[in-house]
Amino acid sequence: MKHPVVYFKRFQPWDYTSILIYALISAAIFLNTVDLLNWGNRAEYLLMYTIGTHLFIYFLNYKSLRNFSVFIAWLIIGIIHFIFYTQLHLDSSLEMTKGHSATGLRNTVIFLVIFQILRITSLKVQKQEFVAVSRSRHDLFDEREVNILDVIIFIIYFTSWIELLFI
């Protein structure tokens, strides 16, 4: 079934599951970062969390993010990330060799916007949604072969990710 570029549908079971799991992980990372849990190196856990977030969104939720109901939920998470970032970016104990471990938190909303721009570009140019690049050359969810525009979109998304992570 073809959808318009912007559409709102009910959450699917995966959407509830992914957001619930993500919320639990986020709560644990937050508690560790503010020293309520003592897992060791707070900066490393926070960095892994921020990197993992953007990979998780692209590889496991790209199909869900086509639904603007889900997109808005992740946008709210991105805004929470930014608020969390504003509270943490001056904490020198979270500094690492190549920058601050909280830097990725400020980028979640930006990556969600980049995702939608790339999605709309794919719809306009190839008249179909882009899919995640995989080793098998076939998409897991849409069951179609990955094409050159999908690869270009992947390169643009990840080049942006790397650039913003180290700014």
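The structure this text deals with has already been given above.
Remember, predicted model here, so these are calculated numbers, not experimental data.

What follows covers the packing of aromatic side chains. Inspection of the entire model under this criterion finds 22 aromatic pairs. Each ring, one from phenylalanine 82 and one from tyrosine 85, has its centre 6.1 Å from the other, and the planes form 40°; the classification is tilted. In this pair, phenylalanine 82 and tyrosine 85 are both assigned in helix H3 (residues 68-88), 3 residues apart and thus about one turn of the helix distant. Phenylalanine 82 sits in the partly exposed class, given a relative accessible area of 42%. Following the ring pairs from residue to residue traces out a cluster consisting of Tyr58, Phe59, Phe111, Phe115, Phe130, Phe154, Tyr157, Phe158 and Trp161.

Here we take up unusual backbone geometry. Non-glycine residue lysine 127 carries a positive phi angle of around 60°. By the element assignment, lysine 127 lies in the loop between helix H4 (108-126) and helix H5 (148-165).

Because each turn of an α-helix spans 3.6 residues, side chains separated by three or four positions in sequence point in the same direction. Here helix H2 (residues 42-61) contains 20 residues, and its C-alpha end-to-end distance of 27 Å stays within 8% of the 28 Å for a straight helix at 1.5 Å per residue. Those residues of H2 lying buried are Arg42, Ala43, Leu46, Tyr49, Thr50, Thr53, His54, Ile57, Tyr58 and Asn61. Close packing links the buried residues of H2 with helix H1 (13-33), H3, strand E1 (95-96), H4 and H5. Looking at where H2 begins, the residue whose side-chain oxygen comes 3.0 Å from the main-chain nitrogen of alanine 43 is asparagine 41.

Moving on, we get to the pattern of salt bridges. Scanning the entire structure with this criterion turns up 3 salt bridges. Arginine 66 is paired through a salt bridge with glutamate 129; the nearest N and O atoms lie 3.6 Å apart. Within this pair, whereas arginine 66 is found in the loop between H2 and H3, its partner glutamate 129 is found in the loop between H4 and H5, the two being separated by 63 residues in sequence. One salt bridge in this structure joins glutamate 129 and arginine 119, with 2.9 Å as the shortest N-O distance. Highlighted residues: glutamate 129 in the loop between H4 and H5 and arginine 119 in helix H4, separated in sequence by 10 residues. Residue classification places glutamate 129 among the buried positions, given a relative accessible area of 16%.

In this section: H1. With 21 residues, H1 should reach 30 Å at 1.5 Å per residue; the first-to-last C-alpha distance of 30 Å fits that figure. Turning to H1, its buried residues are Asp15, Ser18, Ile19, Tyr22, Ser26, Ala28, Ile29, Asn32 and Thr33. On its buried face, H1 is in contact with H2 and H3.

Another point: the side chain of glutamine 116. Tracing the sequence through the fold places glutamine 116 in helix H4. Taking the relative accessible area as the measure of exposure, glutamine 116 reaches 6% and is therefore buried. Sequence-distant contacts of glutamine 116, defined by excluding residues within four places in its chain, comprise Leu65, Phe68 and Phe71.

Turning our eyes to something else, we now look at the nonpolar core. Grouped together as the largest cluster of nonpolar side chains are 38 residues, with contacts concentrated most on Leu46, Leu65, Trp74, Leu88, Leu105 and Tyr157. Sorting the residues of this core by element identifies H1, H2, H3, H4 and H5 as the ones contributing at least two each. Tallying contributions element by element places H3 first for this core, with 9 residues. Apart from the residues within four sequence positions on either side, tyrosine 157 is in contact with His54, Tyr58, Phe111, Ile114 and Leu118.

Within the secondary structure layout, threonine 121 lies in helix H4. For the pair threonine 121 and methionine 96, spaced 25 residues apart in the sequence, the C-alpha separation amounts to 36 Å. One polar contact links the side chain of threonine 121 to the main-chain carbonyl oxygen of isoleucine 117, over a distance of 2.8 Å.

Rules of the game
Residues numbered from 1 in each chain as written. Predicted model: local features only at pLDDT ≥ 70, side-chain atom pairs only at ≥ 80, totals over all residues. Heavy atoms only, no water. Phe/Tyr/Trp six-rings, centres within 6.5 Å; stacked < 30°, edge-to-face > 60°. Helix = DSSP H or I, 4+ residues; strand = E, 2+ residues; numbered from the N terminus. Buried < 20%, exposed > 50% of the residue type's maximum accessible area, 1.4 Å probe, protein only. Expected span 1.5 Å × (residues − 1). Contact = heavy atoms within 4.5 Å. Polar contact = N/O pair within 3.5 Å; in protein donor to acceptor, adjacent residues only side chain to side chain. Salt bridge = Lys/Arg side-chain N within 4 Å of Asp/Glu carboxyl O. Core = buried A, V, L, I, M, F, W, Y, C linked by side-chain atoms within 4.5 Å.

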